[in-house]
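# Notes for the structure review
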Amino acid sequence: MAENCLFCKIAAGEIPSTQVYSDDTYYAFRDINPGAPTHVLIVPRKHIARITDADPGDAELLGGLMLIANKIAAQEHLTDFRLALNCGPHAGQSVFHIHLHLMGGRDFSWPPG
Ligand code: AMP
């Protein structure tokens, strides 16, 4: 757990959130400022600040993140949805603990803004 990391604290239950999924490796919760009817953030409990900080030893962890997204999409009755992961401030990353956005329940355009 990294000091002063918002998502480490949320995953540890030190800061409240609306839990959607939890296991020993991952935690998922509803985005506080949703951009779609369903907007869930999925985080590994392991602190990785940016996706570019991941190393080959994280391959299973990162693959698992996608499978958890599938599980939550099914739980939320979503067949069509968007998964997004921002890396760096110019790409829209505002919290430096990797998180997968799972968004659904409306139509999306491409490319995103
Ligand atoms: P990103 O901009 O990709 O780093 O995404 C960060 C997301 O975290 C944004 O969509 C925020 O709305 C969301 N967020 C920030 N603080 C909280 C919080 N305390 N609980 C839930 N979601 C949050």
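Residues numbered from 1 in each chain as written. Predicted model: local features only at pLDDT ≥ 70, side-chain atom pairs only at ≥ 80, totals over all residues. Heavy atoms only, no water.

We now examine the overall build of the protein chain. The helix and strand tally for the protein chain stands at 2 helices and 5 strands. For 113 residues, the compact-globule estimate of 2.2 N^0.38 gives 13 Å, and the C-alpha radius of gyration of the protein chain, at 13 Å, lies within 12% of that figure. With the C-alpha coordinates aligned to their principal axes, the bounding extent of the protein chain is approximately 35 × 30 × 25 Å. A total of 113 residues make up the protein chain; the buried ones form 39% of that total. (Helix = DSSP H or I, 4+ residues; strand = E, 2+ residues; numbered from the N terminus. Rg over C-alpha atoms; globule rule 2.2 N^0.38 Å. Buried < 20%, exposed > 50% of the residue type's maximum accessible area, 1.4 Å probe, protein only.)

Attention shifts here to the nonpolar core. One finds Ala28, Val40, Ile42 and Ile72 to be the most contacted residues of the largest nonpolar core, which totals 17 residues. One finds Cys5, Tyr27, Val43 and Val95 within the second-largest nonpolar core, a separate group that totals 11 residues. (Core = buried A, V, L, I, M, F, W, Y, C linked by side-chain atoms within 4.5 Å.)

This part covers the packing of aromatic side chains. Two descriptors summarise a pair of aromatic rings, namely the distance from one centre to the other and the angle between the planes of the rings. Counted by the stated rule, this structure contains 2 aromatic pairs. Each ring, one from Phe7 and one from Phe29, has its centre 5.3 Å from the other, and the planes form 75°; the classification is edge-to-face. Note that Phe7 is positioned in helix α1 (residues 6-11) and Phe29 in strand β2 (residues 26-30), a separation of 22 residues in sequence. Of the two residues, Phe7 and Phe29, both sit in the buried class. Through pairs of rings, three or more aromatic residues link up here, namely Phe7, Tyr27 and Phe29. (Phe/Tyr/Trp six-rings, centres within 6.5 Å; stacked < 30°, edge-to-face > 60°.)

Attention now goes to the site of the ligand. Neighbouring the ligand are 16 residues, the closest being Asp31, Asn86, Gly92, Ser94 and His101. Asn86 has a polar side-chain atom sitting 2.8 Å from an oxygen atom of the ligand. The contact in question runs from an oxygen atom of the ligand to an N or O atom on the side chain of His99, over 2.9 Å. Starting from 510 Å² of accessible surface for the ligand in isolation, the protein chains cover 82%. Contributing elements (two or more residues each) for the shell around the ligand: α1 and β2. Counting residues per element, the shell around the ligand draws most heavily on α1, which supplies 3 residues. Among the residues forming the shell around the ligand, the class breakdown is 7 nonpolar, 7 polar and 2 charged. (Near = heavy atom within 4 Å. Polar contact = N/O pair within 3.5 Å; in protein donor to acceptor, adjacent residues only side chain to side chain. Areas by Shrake-Rupley, 256 points an atom, 1.4 Å probe, with all protein chains shown as cover. Nonpolar A, V, L, I, M, F, W, Y, C, P; charged D, E, K, R; others polar.)

Attention shifts here to the state of the cysteines. For the structure shown, the criterion picks out 0 disulfides. This cysteine, Cys5, is not joined by any disulfide, and Cys8 carries the nearest cysteine sulfur, 3.7 Å off. The class of Cys5 is buried, set by a relative accessible area of 5%. The cysteine Cys87 is free of any disulfide, with Cys5 supplying the nearest cysteine sulfur at 15 Å. (Disulfide = S-S within 2.5 Å.)

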